[in-house]
Each structure stands twice: as C-alpha cells, then as structure tokens.
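Residue-level listing of the chains:
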Amino acid sequence: MTMKQGSTHRLIFWTKLHQELNEPKVLNLGLISMLQIILSFLDSVHAARLNLNGLGRAWANELSRDWTLAAAADCGKLYSEAERRVAQLVDGVDWCRDDAVAWLGGVLASHASCLDGLEESGRSDEVHHPTAENLTRVSKEALAVAWRRWKGICGNKKDLGRSVSSEGSEGILAAWNPATSKADAVVAQDGSAQYKMIGDAVAAVGGKWADRRVVIYVKSGVYNERVEIGMEMKNLMLVGDGIDKTIVTGNRNVRDGATTLSSATFGISGDGFWAKDITFENTAGPAKNQAVAVRSSSDLSVFYRCGFRGYQDTLLVHSLRQFYRDCQISGTVDFIFGDAAAVFQNCEILVRKPLEHQFNTVTAQGRDDPKANTGISIVNSRIAAAENLQGVESYLGRPWRMYSRTVVMETDLSGVIAGKGWKEWNGDFGISSVYYAEYNNTGAAADTAGRVSWPGFHVLTDYGEANGFGVANFIGGDSWIPATGVPFWGGL
C-alpha cells in the first residue's frame, strides 16, 4: 500500500471519529475507543515500515537468497495487508458474527509473522525494536476493545445445540463440472487451453474482480510454479480435475534462503477463496526444514477435496476463518500450523517419516492472545501414518504460542499417536495457558488415560462445550459455507 493510501485511511478514521463525537445521540464510547486505537495502530504500522526500509525493498515474486531482505519483504506485504484489513472496520461490522475480532486477530497474526521472519533471519534487534513492541501493544489493545464490544452486544452467546447441515445442496463449488460448467479462464499444461501456467491465468483475470465469483479451471497436470493470490483478488474459485490429477508443486524452503512465509508454493490473501479437486505440494523434503505448500490468510475460505502434501510446515492456516472438507493433509513436524480459526471436517491427516532425530507433531497452533477467536478444530476425521513409522514419536500438537488452541473431536486416531497425546514446545511453556482438548475420539490411540497432565489439556465430556468448536459455532460457517454447496455438519 502506498503512503497516499495509508493517509487516506487515517483521514477516513478521523472523519468517522469526528462524526461519532458530534452526534446528538448518546455517544458510542466503545466505537470511539476502537477508532482511537485504530488510528494509533495505523501510525504504528507506518512507523514499523519506516524502521524496516533499510532491510529491503518491496515484495518481489522472485525470492532473494538473503534472508534479511526476504524477511523485510514479508513484513512489507504483511503490514500492507494489515492496514487494509483494519480499513474494513469503517465500512460496517457484523458484531455478532465477530468480524472485528476475526479481522484484528488477523492483524495480530500478520505482525507476529513479521517478527517470526525477522527472528528467523537473525534480526532479533528488529524484533525487540520499540516500534515493533509498540505495534504489538496497540494490536492487542484494539483486539481487546473489539472483543469487549462483541461480548457486550451479543452477550458472547453461542447456540450450542445448533446442528445444521448443507447435505444435498447444490452450490457453485460442489456442482462444478468441467463438462457443463463455464470458467473465466482455463489452464492446461499441454497448451490446449488459454493458459499453460496458473499464474498467467490469475494475472489475466485480475481486471475482472467485481461482485461475482471468478472461476479458473486447471486441467490435469503437474504445474511447477509459485502462485500468489493477492488481497485485491477476492472471490476467486480454483478447480481442478482431481486430488491426484491437478497438482501445483514447488520446493522452496528455509534451508535454501526463503522465509517460512515466502516458501509457500501457493499463497492466498484474497478473501472468499474456494478450491476443489486440486493438490498443493512442497517437495523440499524433511532435510530442508520449513517448506510450506499452502499459506492462507483468506477470510471465509473453503477447500473441498483438496490435497496438501509436504513435510515440515505443510499447511500454514495463517489467519481468519477457514473450512476444509474431505481434504488430505500430510507432513511431519508442525504440518498444520498458524493462527486461523480453521475447521477440518471429514479429512484424512497423514503423518510421514521425518529425519532420524525428529518427532512428528500434527499441529502447532499460533494463538498469541486469549481474546483471539482462533484455533484448529479437527472434527470427524482420521489421523494415521502415511508409511511405516515404527520407532517415530508422533503427537497431536505442541504449543507454538502461549494461548495455542487445538481440539480433536470424534476423530479416528490410529496407533501412530503416542499415548501422552501432546508434546511440550520448550519446558513448561504454555502448558497452563493453552487450550488443548479431545472429545469422543475412536481408534487405537483414543484412550486418554495416559495423556499429558497439563492444566491446559482437557478431556471433554460435555456435548455443548465440544460443539462450540463445530462449524456453526466456531467459525459461523452456517452463514457462508452453504453458498458453496459443499456438504458440512454445523455441529458434531
């Protein structure tokens, strides 16, 4: 985002604040407080950008082998998106759907990702710079105000008995058929269509973004390319010919100079992204450390019958609200990670063979504030070994952040999962403040008798509490998933 755009946002916020202060009605003190904090946030983002100018230039498609420059480029992209995300708050918010809490949680996740990248590149001095610390404080203040306002208006009530379903509905994503449906762009590796590369098709339809959904159909083939769906590209739908037929592949990784964020084969920032019948992979292998297949910060996104293949850090559910149905995810260390509010329903989660000295962890959820509405919810799925893992310790997750939140419910746990279930990150870090829970699981590793004795671990017995992590209550999915036609259960 340019300086001019940033200044425009500040002007809009000042105007809105002035209107609130001069309304003849009773003052909306909660909104005034939030607008004041948002102004402070925008100034803090601007200061953070200035501080990082010496580290690199603007985001570029080609990765630099200089980790510091790559991390600085990540920060520029993240802060630009964060500023635009906060700007949405002036256009009206559905408080009872907790949009503001979700969006500001996404801002906090973006800031944390910037700091992670700088730490990863050896620039810890920038991580602890006053501008970075101020931005952390202001982001959490804004989130706290949004959370209190949401709780005050809606009473933080959830319909815990609700269990809706879209089984049998016919939405555009579920009903898509290459023989009868029309796409805005078609990609074929063999040259039989308009485009041979997905990135070319994305660039070509970039001018068509309007109120309607734009569809890109990718025919069978292996597409070795790095794809970025920018924040301005909303409501994009990507469909392939099948989970093992249409494959987007890459091998960028941290060992060879990328940051975790920029190692992604497929990156998505535009809201409302839908995908079906396609596989995303990163083939760097376990020796290359972090190597992401998909990075998503797309709000209200849906992945249906998709594959995610990698090793360490396969799927980065970076932020906002996401739904995965009938998908296959495979990896080794922390292979589902990030700070989104993500629900995985009827998915197959496969643990692969790591390096000799490594153990496996399915999740590493990144919730860094107790008021964030984020977490990973695995429901009615299967967790198993992708290959022979004899002698390899595997766990459901470990606390990447202080308030990490992950629940596994009504899921078949094969013997690949160790009896203690969950793994420490570093000593007793987070074991009291996390929220890790299991409910009504089945399979060889479902017995919770030998699980960790952390204060933050819970064996749920109450249906209402467990159902709070279902599609309807956790991500409000009953209001936006039906449009896809993808089958889902609102509850358990």
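The structure we're discussing is the one just above.
Every value quoted in this text rests on a predicted model; they were computed, and no experiment measured them.

(A) The sheet that holds strand β16 (residues 333-338), seen in detail. The strand order β4-β7-β10-β13-β16-β19-β22 describes an open sheet built from seven strands, whose pairing is parallel. What marks the edges here is a single partner per strand, and that holds for β4 (227-229) and β22 (394-397). This sheet shows a mean twist of 10 degrees between the axes of neighbouring strands, independent of strand direction.

(B) Quick peek at the packing of helix α3 (residues 67-87) against helix α4 (residues 99-120). Where α3 contacts α4, the two axes come as close as 9 Å, and the packing angle between them is 170 degrees. Taken together, the axes of α3 and α4 lie roughly antiparallel to each other. Contacts between α3 and α4 involve Trp67, Ala71, Cys75, Leu78, Tyr79, Ala82, Arg85 and Val86 from the first element and Trp103, Leu104, Val107, Ser110, His111, Ser113, Cys114, Gly117, Leu118 and Glu120 from the second. Of the residues that constitute the contact of α3 with α4, the class distribution is 12 nonpolar, four polar and two charged.

(C) Layout of the packing of aromatic side chains. Per the stated rule, a full pass over the model turns up 17 aromatic pairs. Taken together, the ring pairs in this structure connect Phe266, Phe273, Phe280, Phe303, Phe308, Tyr324 and Phe344 into an aromatic cluster. Cation over ring: Arg325 sits above Trp489, and NZ or CZ is 4.2 Å from the ring centre. Sitting over the ring of Phe359, Lys423 keeps its end group 4.9 Å from the ring centre.

(D) A look at the pairing of strand β18 (residues 348-351). Here four bridges tie strand β15 (residues 328-331) to β18, and the two strands are oriented parallel to one another. Bridge pairing in β18 links Gln328 to Glu348. Where β18 meets strand β21 (residues 382-385), four bridges bridge the pair, whose relative direction is parallel. For Val351, the partnering residue across the bridge sits in β21 and is Ala385.

(E) How the structure looks around the nonpolar core. Formed by 58 residues in total, the largest nonpolar core has its most connected members in Phe280 and Phe344. Residue contacts for Phe280: discarding those within four places in its chain leaves Leu238, Val248, Phe266, Ala275, Ala293, Val294, Phe303, Cys306, Gly307, Phe308 and Arg309. Judged by nonpolar contacts, the second largest core, of 31 residues, contains Val239, Tyr304, Tyr435 and Phe469.

(F) Representation of the environment of Tyr311 in the model. Looking at the secondary structure, you find Tyr311 in the loop between β12 (307-309) and β13 (315-317). Taking the C-alpha atoms as reference points, Tyr311 and Gly331, 20 residues apart in sequence, are found 4.0 Å from one another. Setting aside residues up to four positions removed in sequence, Tyr311 forms contacts with Asn282, Gly285, Pro286, Gly331, Thr332, Val333, Phe335, Arg352 and Lys353. Only 2.9 Å separates the side chain of Tyr311 from the side chain of Arg352, close enough to count as a polar contact.

Cut-offs and rules
- Residues numbered from 1 in each chain as written.
- Predicted model: local features only at pLDDT ≥ 70, side-chain atom pairs only at ≥ 80, totals over all residues.
- Heavy atoms only, no water.
- Pairing = 2+ DSSP bridges.
- Helix = DSSP H or I, 4+ residues; strand = E, 2+ residues; numbered from the N terminus.
- Axes fitted to C-alpha atoms, helices over the stretch in contact; angles between N-to-C directions.
- Parallel < 35°, antiparallel > 145°, perpendicular 65-115°, else oblique.
- Contact = heavy atoms within 4.5 Å.
- Nonpolar A, V, L, I, M, F, W, Y, C, P; charged D, E, K, R; others polar.
- Phe/Tyr/Trp six-rings, centres within 6.5 Å; stacked < 30°, edge-to-face > 60°.
- Lys NZ or Arg CZ within 6 Å of the ring centre and 35° of its normal.
- Core = buried A, V, L, I, M, F, W, Y, C linked by side-chain atoms within 4.5 Å.
- Buried < 20%, exposed > 50% of the residue type's maximum accessible area, 1.4 Å probe, protein only.
- Polar contact = N/O pair within 3.5 Å; in protein donor to acceptor, adjacent residues only side chain to side chain.

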